[in-house]
Amino acid sequence: MSSFRRVCAIWRDCPSQYSGPFLFGAEPTLADAMLAPVCSCFATYNVALDSECSGFRDHILNWSPIVEWAKAAKVEPEEIEELDVEF
């Protein structure tokens with residue numbers, strides 16, 4: 001099974017099995033946070049998803065900690081001086 005198909009299967013099966021809007025129920029878990037970058041990539045690259053998977057993606061991308069994360073990322077500097085080291 002491809003990684004894409006596995007992610008989609010998880011996004012369909014877990015919320016259904018655990019009565020979520022999140023993967024494992026009504027409350028978010030670390031698993032939801034770990035999949036936020038995947039949701040972001042799928043949105044950025046406009047990956048075609050079925051309604052269940054696009055609904056989960058949108059739910060995660062509209063989750064307040066992820067909204068804050070995205071806003072903070074937009075104002076990060078291009079370069080961080082203390083990380084600019086020559087080897």
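Structural data are supplied above this passage.
Per chain, residue numbering runs from 1 following the sequence as it is written. Only residues with pLDDT of at least 70 get local features here, since the model is predicted, and only at 80 or more are side-chain atom pairs given and counted; chain-wide, interface and lining totals rely on the full set of residues. For the side-chain quantities, the full set of heavy atoms in the structure was used; hydrogens and water were omitted.

Let us now look at helix H3 (residues 51-61). Within the span of H3, buried status applies to Cys53, Ser54, Phe56, Arg57 and Ile60. End-on view of H3: buried residues confined to an arc of 160 degrees, all on one side of the axis. In what follows, a contact means two residues having at least one pair of non-hydrogen atoms within 4.5 Å. Secondary structure elements follow DSSP: runs of H or I no shorter than four residues count as helices, runs of E no shorter than two count as strands, and numbering proceeds from the N terminus. Tucked into the core, H3 has its buried residues touching helix H1 (3-17), helix H2 (30-44) and helix H4 (64-74). At the N-terminal boundary of H3, the capping side chain belongs to Asp50, with an oxygen 3.1 Å from the backbone nitrogen of Glu52. Relative accessibility under 20% of the residue-type maximum defines a buried residue, over 50% an exposed one, and the middle range a partly exposed one, all with a 1.4 Å probe and only protein chains included. What the arc measures is the spread of directions leading from the helix axis to the C-beta atoms. Residues adjacent in sequence count toward polar contacts only when both atoms are side-chain atoms; beyond that, a polar contact is any pair of N or O atoms within 3.5 Å, and within protein one must be able to donate a hydrogen and the other to accept it.

To continue, consider unusual backbone geometry. A positive phi angle, close to 55 degrees, is found at Ser19, a residue other than glycine. Located in the positive-phi region is Asn46, a residue other than glycine, with phi close to 50 degrees. As for its position among the elements, Asn46 is in the loop between H2 and H3.

Here we take up H1. Over its 15 residues, H1 extends 21 Å from the first C-alpha to the last, a length consistent with the 21 Å expected when each residue adds 1.5 Å. Among the residues of H1, those classed as buried are Val7, Cys8, Ala9, Trp11, Cys14 and Pro15. Where H1 is buried, its residues touch H2 and H3. A positive backbone phi angle near 55 degrees is found at Ser19, which sits one or two residues after H1. To estimate the expected span of a helix, subtract one from its residue number and multiply by 1.5 Å.

A few words now on the state of the cysteines. What we call a disulfide is simply a covalent bond connecting the sulfur atoms of a pair of cysteines. Count a disulfide wherever a pair of cysteine sulfur atoms falls within 2.5 Å. Per the counting criterion, the structure on display carries 0 disulfides. Take Cys14: it sits in no disulfide, and the sulfur closest to it among the cysteines is that of Cys53, at 11 Å. For Cys14, a relative accessible area of 12% gives the class buried. Left without a disulfide partner, Cys39 is nearest to the cysteine sulfur of Cys41, which lies 9.5 Å away. On the accessibility criterion, Cys39 (0% relative accessible area) is buried.

Here we come to the packing of H2 against H3. A pair of packed helices is characterised by two quantities: the angle between their axes and the separation of those axes. The N-to-C vectors of H2 and H3 enclose an angle of 110 degrees; their axes lie 9 Å apart at closest approach. Taken together, the axes of H2 and H3 lie roughly perpendicular to each other. Judged by the sense of rotation from one axis to the other, the crossing of H2 with H3 is left-handed. Facing Asp32, Ala36, Cys39, Ser40, Phe42 and Ala43 of H2, the residues of H3 in contact are Phe56, Arg57, Ile60 and Leu61. Amino acid classes used here: Ala, Val, Leu, Ile, Met, Phe, Trp, Tyr, Cys and Pro are nonpolar; Asp, Glu, Lys and Arg are charged; the rest, including Gly, are polar. When the residues that make up the contact of H2 with H3 are grouped by side-chain class, the tally is 7 nonpolar, 1 polar and 2 charged. Think of each axis as a best-fit line through the C-alpha atoms, taken over the contacting stretch in the case of a helix, with angles from 0 to 180 degrees between the N-to-C directions. Oblique is the label for any angle not under 35 degrees, not over 145, and not in the 65 to 115 range, which are roughly parallel, roughly antiparallel and roughly perpendicular in turn. Each crossing gets its handedness from the near helix: less than a right angle anticlockwise from the far helix is left-handed, clockwise is right-handed.

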